Amino acid sequence: MLVLLGFAMIAVFMVLIMTKKLTPVLALIIVPTIFGLFAGAGLGIGPMVMDSMKSMTSTAALLMFAIIYFGLMIDVGLFDPLVKFILRKLGNDPAKVVLGTAILAAAVSLDGDGSTTFILTTAAMLPVYLRLKMSPVVLTCVAGLANGTMNILPWGGPTARAATALKLDVNDVFVPMVPSLIVGLIVVLVFSWLLGLQERNRLRTTAPEIWGDVAGHSNAFDGGTGRGGSTTTAGKPGSGGGAGVAVLERTEVLVDDHDTAMADTALDPNRTTLRPKLFWFNLGLTVAVMVTLVANIVPLPFVFMVGSAIALLVNFPKVKDQGAQLIAHAPSIVAVVSMVMAAAVLTGVLNGTGMVKAMSEWLVQIIPADMGPFMAVITGVLSIPMTFFMSNDAFYFGVLPVLSETAAHYGVGAADMARASITGQPFHLQSPLVPAILLLVSLAKVDLGDHHKKVLWRTAVISIVMLAVGVLTGAIGIG
């Protein structure tokens, strides 16, 4: 009976989430409460939930203050010079533009919010892509690759969900996966450079009036400096003999256009929250926070609590302004923290009623014994399609606990299972179930099908590579 109730509860939860009949928070509360009562929990369901909630408070605090900190850094302009620097260095070379897009998306992804990353990356780079007649699909592909890979950061969501679902310290899940993250980012940069080279060759063929003939006589790829000749009017070559091609405007013009395009966005150069005189202080503070995080010498929630307090105090010394900043980021905080706390109902019922134990024992009976020790690797592979066709909430709170309990019978630890489960995130972020990816293709005016054709196989490769690195480094063990 517990096996049937457990699988039925997970199925109902997934259907309600995927069909958007209920928000994740409501589904996490209502569905397990009903099934818990059917399982005979009675009034004991309250203590089950409260015991589970105690283990989630640190994760909720981490997410809350990480959102505040990186949101604040965006508001005060920490990333603005990075955007302008990238654009100045990119010039007019499509290969450099695409590579710069990946670097920018990865940097902004530090805030842990996909929507913010895509808004900033699209706002900064789309004008450049359109000016150079580059395909916006390349922009969405590269931004999706970078953000999906960075999504395993502790405050990004999936890692916190995995740690919460299996009652682990988020540090124990994330820190051993840092090598996988680094290698994943390297693969992202390689893909980005290759996409940029393809785009450069395509433009030489399809837009010779701008980029020159197929033989490559164009000087438009000289970084925007005009080396090798200059032109002032399309089709009227200057003294440099550029084969009759017009070199696009200098990089300085692109940066000026970038500033104009940023108006009324999170990178608006005239926003009142900018603190240019405190740039070096904010950069030093952020580096200190990240070093402390990786060193794992202080609990992550406390690191971000102190970092947020210092950042607010220095950048906004007036109490009124401090309150305004907290209110500005409240919607993001409420959405994430309420989800974590509501998850205590699902995990509490699964464990308190014995559903997880009963379901795992049933799975043990049907899984071939010789495959049991490889449960972590199997989970990593399964996370690629499963997190694409279902939400992270459904996978991490509904499926992972069952797989982990099963793996325990073969000597595979919960931490190994949690680490393996997050390797599918690059692929997951491209799912139409993820609002952020719909926002990205909408902002770039790209068809989702075109985006998927270019991005899906690449994200699958990145996920497999991250899983393989995890196994090789021992972060993901075999029983």
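Residues numbered from 1 in each chain as written. Predicted model: local features only at pLDDT ≥ 70, side-chain atom pairs only at ≥ 80, totals over all residues. Heavy atoms only, no water.

Here we take up the overall build of the protein chain. Tallying secondary structure elements over the protein chain gives 24 helices and 2 strands in all. Put simply, the protein chain has 479 residues, and 54% of those count as buried. Taking all contacts inside the protein chain whose residues are at least 6 apart in sequence as the whole, residues at least 24 apart take part in 79%. Accessible surface, the protein chain as shown: approximately 19200 Å² in total, 69% of it carbon and sulfur. (Helix = DSSP H or I, 4+ residues; strand = E, 2+ residues; numbered from the N terminus. Buried < 20%, exposed > 50% of the residue type's maximum accessible area, 1.4 Å probe, protein only. Contact = heavy atoms within 4.5 Å. Areas by Shrake-Rupley, 256 points an atom, 1.4 Å probe, with all protein chains shown as cover.)

This part is about the packing of aromatic side chains. Each aromatic ring pair is described using two quantities: the centre-to-centre distance and the angle formed by the ring planes. The final tally for this structure, using the stated rule, is 5 aromatic pairs. Ring plane angle 75 degrees and centroid distance 5.1 Å describe the contact between F279 and W280, whose orientation is recorded as edge-to-face. According to the relative accessible area criterion, W280 is exposed, its value standing at 67%. Geometrically, the ring pair formed by F388 and F427 is tilted, given 5.1 Å between the ring centres and 55 degrees between the ring planes. Separated by 39 residues along the polypeptide, F388 in helix α19 (residues 375–389) and F427 in helix α22 (residues 425–428) bring together distant segments of the chain. Residue F388 is classed as buried on the basis of its relative accessible area of 10%. Relative accessible area serves as the criterion here: at 13%, F427 is assigned to the buried category. (Phe/Tyr/Trp six-rings, centres within 6.5 Å; stacked < 30°, edge-to-face > 60°.)

Turning our attention to the pattern of salt bridges. Scanning the entire structure with this criterion turns up 3 salt bridges. Linking E199 and R202 is a salt bridge whose minimum nitrogen-to-oxygen distance equals 2.5 Å. Of this pair, E199 and R202 both sit in helix α11 (residues 178–206), separated by 3 residues, roughly a single helical turn. (Salt bridge = Lys/Arg side-chain N within 4 Å of Asp/Glu carboxyl O.)

As for its placement among the helices and strands, R458 is situated in helix α24 (residues 448–473). There is no salt bridge for the buried R458, and the closest opposite charge comes from E199, which lies 9.7 Å off by N-O distance. For R458, the residues in contact, after removing those within four places along its chain, are C141, L145, F191, L195 and Q198. (Lys, Arg positive; Asp, Glu negative; His and termini not counted.)

What follows deals with the packing of helix α4 (residues 57–76) against helix α17 (residues 330–352). Closest axis-to-axis distance for the α4/α17 pair is 9 Å, and the angle between their directions is 170 degrees. Between α4 and α17, the crossing angle belongs to the class labelled roughly antiparallel. When α4 is examined against α17, the residues T57, T59, A60, L63, M64, I67 and I68 are found in contact with a partner set consisting of S332, I333, V336, V337, V340 and M341. (Axes fitted to C-alpha atoms, helices over the stretch in contact; angles between N-to-C directions. Parallel < 35°, antiparallel > 145°, perpendicular 65-115°, else oblique.)

This next bit is on the nonpolar core. Counting residues in hydrophobic clusters, the biggest one holds 128 residues, and the most contacted among them are W155, F304 and M417. The element best represented in this core is α4, accounting for 13 residues. (Core = buried A, V, L, I, M, F, W, Y, C linked by side-chain atoms within 4.5 Å.)

Turning our eyes to something else, we now look at the confidence of the model for the protein chain. Looking at the protein chain, the pLDDT average stands at 79 and 84% of residues meet or exceed 70. Scored below 50 in pLDDT, residues 260–265 makes 9 contacts in the model with residues more than four places away or belonging to other chains. (pLDDT = per-residue confidence, 0-100.)

With that settled, the discussion passes to the environment of V455. Along the chain, V455 falls in helix α24. Residues V455 and L145 lie 310 residues apart in sequence; the distance between their C-alpha atoms is 7.3 Å. If we ignore the near neighbours within four places in the chain, the residues touching V455 are C141, L145 and Q430.

With that settled, consider the packing of helix α6 (residues 94–108) against helix α7 (residues 114–131). Where α6 meets α7, the axes come as close as 9 Å, and the angle between the chain directions of the two elements is 160 degrees. The orientation of α6 with respect to α7, classified from their angle, is roughly antiparallel. Between α6 and α7 lies a crossing whose hand is right-handed. Residues V97, V98, T101, L104, A105 and V108 of α6 touch α7, and the partners they reach there are T116, T117, L120, T121, A124, M125, V128 and Y129. (Left-handed = near helix turned anticlockwise from the far one by under 90°.)

So, on to the environment of P179. Structurally, P179 can be placed in helix α11. For the pair P179 and A475, spaced 296 residues apart in the sequence, the C-alpha separation amounts to 9.2 Å. With residues near it in sequence (within four places) discarded, P179 still touches V469 and T473.

A cluster of nonpolar side chains, namely F281, F302, M305, V306, I310, L313 and V314, defines an oily patch on the protein surface of about 560 Å² accessible area. At 6 residues, helix α15 (residues 300–315) tops the list of elements feeding residues into the nonpolar patch. Tracing the chain through its elements places F281 in helix α14 (residues 279–295). (Patch = residues over 30% accessible without salt bridge, like charges linked within 9 Å, V, L, I, M, F, W, Y side chains within 5 Å.)

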